[in-house]
Amino acid sequence: MIDSAAEVHPEDRAANPYSSVVAAHPQPFYARLRDECPVAAMEGMPEGVHIISRYEDVKFALKHHEIFSSDFVAVDIGQDRPLIPLQIDPPEHAHYRRVMDPHLSAKELAHLEADARRLVNEVVDRFIDRGECDFHAEFSMPLPCLVFLSLTGLPLGELDRFLTWKDNIIRPETFDMDEAAAIRRQTGADMYAFFEDAIDQRAANGTDDIISRFMKTEVDGRLMSRDEMLDLCYLFILGGLDTVTATLDCSIAYLAQHPDHRRELVDDPSLIPNAVEELLRMQTPVMQVLRVVARPHRMHGVEMKPGDHAVVMLGSADTDPGEFGADADLVNLHREANRHLAFGGGPHRCLGSHLARLELRVALEVLHERIPDYRIAAGADLEYSPGIREIKSLPLVFA
Amino acid sequence: MKVRLDDELCVGHGRCYALAPDVFDADDQGHCVLRFDDEDLPERFVDVAKQAVANCPEDALAMEG
Ligand code: HEM
Ligand code: SF4
């Protein structure tokens, strides 16, 4: 195995988190960052991009929006305005979260569990008799999309269209920057048009799904605007699909390679909620979040200037022995204290975290009930994508 | 023993009410509500309350006494 620690260069205080070697096995990379350059510069980028890696520093950055702001349009991802709530700072941010959170709270989503279980079972039905599958393509990709369609009351038949949109935006199939931007803009326009229709239909026939509910939601004494609604749909697709896919990929790849842990879950499914948290911690499928520096700030001797960017490494915080103890680098399904930051923290704590937890728990429950024994197909080479750690192909063989 | 909540810090991760539903509830927004506000916890809930406190990523909870 190539050691990801080689992607940290303490001699020039630089590091490259966006390599496939890091994505596949980030722990040695994280450890070296934390130990040898807790504020690193991004290798090959102009000055002013700071990688923050220790648990305490990451938490500080997440909590201090007056220094580490979210108020920027980070890259051209095809949207017209700052994304609500992702790119809005407190105090305005709280106005939106106050009205959005209730629709995605754990209590509110409890009714979705039966649907989610049915969808997971249907997805498994399609491959179980074959005794093998590409878990990524056949399970982790479709599942979050199907759950999203069911939550929004859209026809499940839209699955393929959604998967294509999502890929066009997150990973346009081109290395040409202008071409990529054009694909994103076109896809953004298609998506907005699709959701315009969905919203019109709901305005006409009061249905009860999450889009209809958001349409009746007031922010600061006014209904959410059409633009805000559209942005929200866009953000759900951007933030709510690949993230769950990556978590499923990483979790199942781990369990396929660690039969003792898998057997524990099969023997005692009551461990699954804890396992979901521990795998989220250890794998931290969303490796980092981004911030823009709003005020001069000094961290570990490094001066950060307004306009600089911060890459806040959630994954390295989540494996910091300073917080999680000597076994921080090991999966412990019985871990007692787990203040992981896989869903971020502070005001921008993932709006979909309760939905994600529900999907992950139900997925692990059904899978281990129906397919208690599985391993990675011989000769398979798992390729993880950087940033959001999906596995491009995850061939499994069932015993 | 009592459990304390700092509302200003809670952002609704929901680890507390998932782990110790007898001790913590959620409001509409999914933020924590104490079931024993300013009261001593019944002895049988103390351990599970401590576990929940140790899992709050925002340090919004603390044990006291
Ligand atoms: C395991 C799956 C998921 C992971 C690991 C994850 C991770 C994250 C992280 C780290 C953030 C913080 C971003 C920041 O601080 O800049 C975030 C925010 C967000 N996530 Fe998720 N997410 C997941 C699933 C979902 C789902 C299913 C949805 C859709 C309902 C969703 C919607 C959002 C939204 C709307 C935000 C922005 C919140 C805000 O800025 O206030 N996420 N997510
Ligand atoms: S775990 Fe902490 S942040 Fe989350 S709801 Fe409970 S008190 Fe609030």
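Here the structure is a predicted model, which is why all the values come from computation and not from measurement.

**Q** How should I be thinking about the interface of chain A and chain B in this particular structure?
**A** Interfaces are often described in size by the accessible area the parts lose on coming together. Between chain A and chain B, the residue contacts involve 24 residues of the former and 21 residues of the latter. Across the chain A/chain B interface, buried area totals approximately 1700 Å², and carbon plus sulfur atoms make up 41% of it. Taken as a group, Lys107(A), Arg339(A) and Arg349(A) account for 28% of the area that chain A buries against chain B, more than any other trio of residues on that side. Inspection of the chain A/chain B interface yields 4 salt bridges. The partner of Asp59(B) in a salt bridge is Lys59(A), with the nearest N and O atoms 3.2 Å apart. The interface formed by chain A and chain B includes 16 residue pairs in polar contact (both at pLDDT 80 or more). Elements represented by at least two residues in the side of chain A that touches chain B include exactly α3 (55-63), α4 (92-100), α5 (106-109) and α18 (353-370) of chain A.

**Q** Would you mind going over the site of ligand 1 with me for this structure?
**A** All names here are of chain A. Residues in contact with ligand 1 amount to 23 residues; listed here are only the nearest, His93, Arg97, Arg291, His348 and Cys350. Those elements giving two or more residues to the shell around ligand 1 turn out to be α4, α12 (226-240), α13 (242-257), β9 (288-293) and α18. Among the residues making up the shell around ligand 1, the classes are represented as 13 nonpolar, 8 polar and 2 charged.

**Q** Explain the site of ligand 2 here, please?
**A** Residue and element names in this part refer to chain B. Within the structure, ligand 2 sits among Cys10, Val11, Gly12, His13, Gly14, Arg15, Cys16, Tyr17, Cys32, Cys56, Glu58 and Leu61. Looking at the shell around ligand 2, the element that brings in the most residues is helix α1 (residues 15-19), giving 3 residues. Classifying every residue of the shell around ligand 2 by side-chain character gives 7 nonpolar, 3 polar and 2 charged.

**Q** What's the story with the side chain of Asp249(A) in this structure? I'm lost.
**A** Residues and elements named next belong to chain A. The residue Asp249 is located in helix α13 in this model. One polar contact links Asp249 to Ser140, side chain to side chain, over a distance of 2.6 Å. The residues contacting Asp249, other than those within four sequence positions of it, are Phe135, His136, Ser140, Glu390, Ile391 and Leu394.

**Q** Explain the pattern of salt bridges here, please?
**A** When their charged atoms lie close together, side chains carrying opposite charge are able to pair. Applying the stated criterion to the full structure yields 36 salt bridges over all chains. Between Arg202(A) and Asp209(A) there is a salt bridge; the shortest N-O distance is 3.0 Å. The burial state of Arg202(A) is the same as that of Asp209(A); both residues are buried. With a closest N to O distance of 3.9 Å, Arg263(A) and Asp260(A) form a salt bridge. Here Arg263(A) pairs with Asp260(A), and both are found in helix α14 (residues 259-267), just 3 residues apart, close to one helical turn. Taking relative accessible area as the criterion, Arg263(A) reaches 46% and is therefore assigned partly exposed. Residues participating in the shared-partner salt-bridge network are Lys59(A), Glu323(A), Arg339(A) and Asp59(B).

**Q** Hey, could you run me through the environment of Ile210(A) in this one?
**A** Residues and elements named next belong to chain A. Within the element layout of this structure, Ile210 appears in helix α11 (residues 210-215). With 57 residues separating them along the chain, Ile210 and Gly153 place their C-alpha atoms 7.6 Å apart. Look past the residues within four positions of Ile210 in its chain and what remains in contact with it is His103, Leu104, Leu151 and Thr152.

**Q** Would you explain the coordination of the iron atom of ligand 1 in this entry?
**A** Looking at the protein side alone, the iron atom of ligand 1 has one donor only, Cys350(A) (SG), at 2.3 Å. Considering the arrangement of structural elements, one finds Cys350(A) in the loop between α17 (321-324) and α18.

**Q** What is the right way to read the sheet that holds strand β14 (residues 395-398) of chain A from this model?
**A** Two pairing modes exist for strands in a sheet, parallel and antiparallel, and in both the strands are linked by backbone hydrogen bonds. Residues and elements named next belong to chain A. As summarised here, the arrangement of the 3 strands in space is β6-β14-β13, forming an open sheet in which the pairing is antiparallel. Unpaired on one side and paired on the other, β6 (132-134) and β13 (374-376) mark the two borders of the sheet. For this sheet the average axis-to-axis angle between neighbouring strands, irrespective of direction, equals 25 degrees. Summarising the sheet, β13 and β14 pair through 3 bridges and their orientation is antiparallel. Across the sheet, the residue bridging to Ile376 is Leu396, located in β14.

**Q** When you look at the confidence of the model for chain B in this model, what are you seeing that I'm missing?
**A** A low pLDDT score tells you not to read the predicted coordinates there in detail. In the predicted model, chain B carries a mean pLDDT of 96, and the fraction of residues at 70 or more is 100%. On the interface metric, ipTM, the complex scores 0.95, and its pTM is 0.95.

**Q** How do you make sense of the pairing of strand β3 (residues 39-42) of chain A when you look at a structure like this?
**A** Regular strands place their side chains on alternate faces of the sheet. Residue and element names in this part refer to chain A. Note: strand β2 (residues 14-15) against β3, 2 bridges, orientation parallel. Bridge pairing in β3 links Ala15 to Met42. Of the pairings in the sheet, the one linking β3 to strand β4 (residues 49-52) comprises 3 bridges and is antiparallel in character. Within the sheet, the bridge partner assigned to Val39 lies in β4 and is Ile52. Taken together, β3 and the strand that follows it, β4, pair antiparallel across an intervening segment of 6 residues, in which Gly44 is found at a positive phi of about 75 degrees.

**Q** Honestly, unusual backbone geometry in this entry has me stumped. Any pointers?
**A** As a rule of thumb, non-glycine residues mostly have phi less than zero, and peptide bonds are mostly trans rather than cis. Residue and element names in this part refer to chain A. In the segment running from Ile84 into Pro85, the intervening peptide bond is cis, with an omega of -5 degrees. Summarising the element assignment, Pro85 is placed in the loop between β5 (68-69) and α4. Between Pro90 and the following residue, Pro91, the backbone shows a cis peptide bond with an omega angle of 5 degrees. With respect to the helices, strands and loops of the structure, Pro91 is situated in the loop between β5 and α4. Its identity is not glycine, yet Arg13 carries a phi of approximately 50 degrees, on the positive side. Summarising the element assignment, Arg13 is placed in the loop between β1 (8-9) and β2.

Criteria and cut-off values
- Residues numbered from 1 in each chain as written.
- Chains lettered and ligands numbered in written order.
- Predicted model: local features only at pLDDT ≥ 70, side-chain atom pairs only at ≥ 80, totals over all residues.
- Heavy atoms only, no water.
- Contact = heavy atoms within 4.5 Å.
- Buried area = accessible area lost by both parts, 1.4 Å probe.
- Salt bridge = Lys/Arg side-chain N within 4 Å of Asp/Glu carboxyl O.
- Polar contact = N/O pair within 3.5 Å; in protein donor to acceptor, adjacent residues only side chain to side chain.
- Helix = DSSP H or I, 4+ residues; strand = E, 2+ residues; numbered from the N terminus.
- Near = heavy atom within 4 Å.
- Nonpolar A, V, L, I, M, F, W, Y, C, P; charged D, E, K, R; others polar.
- Buried < 20%, exposed > 50% of the residue type's maximum accessible area, 1.4 Å probe, protein only.
- Donors = N, O, S within 2.8 Å, 3.2 Å for Na, K, Ca; no water.
- Pairing = 2+ DSSP bridges.
- Axes fitted to C-alpha atoms, helices over the stretch in contact; angles between N-to-C directions.
- pLDDT = per-residue confidence, 0-100.

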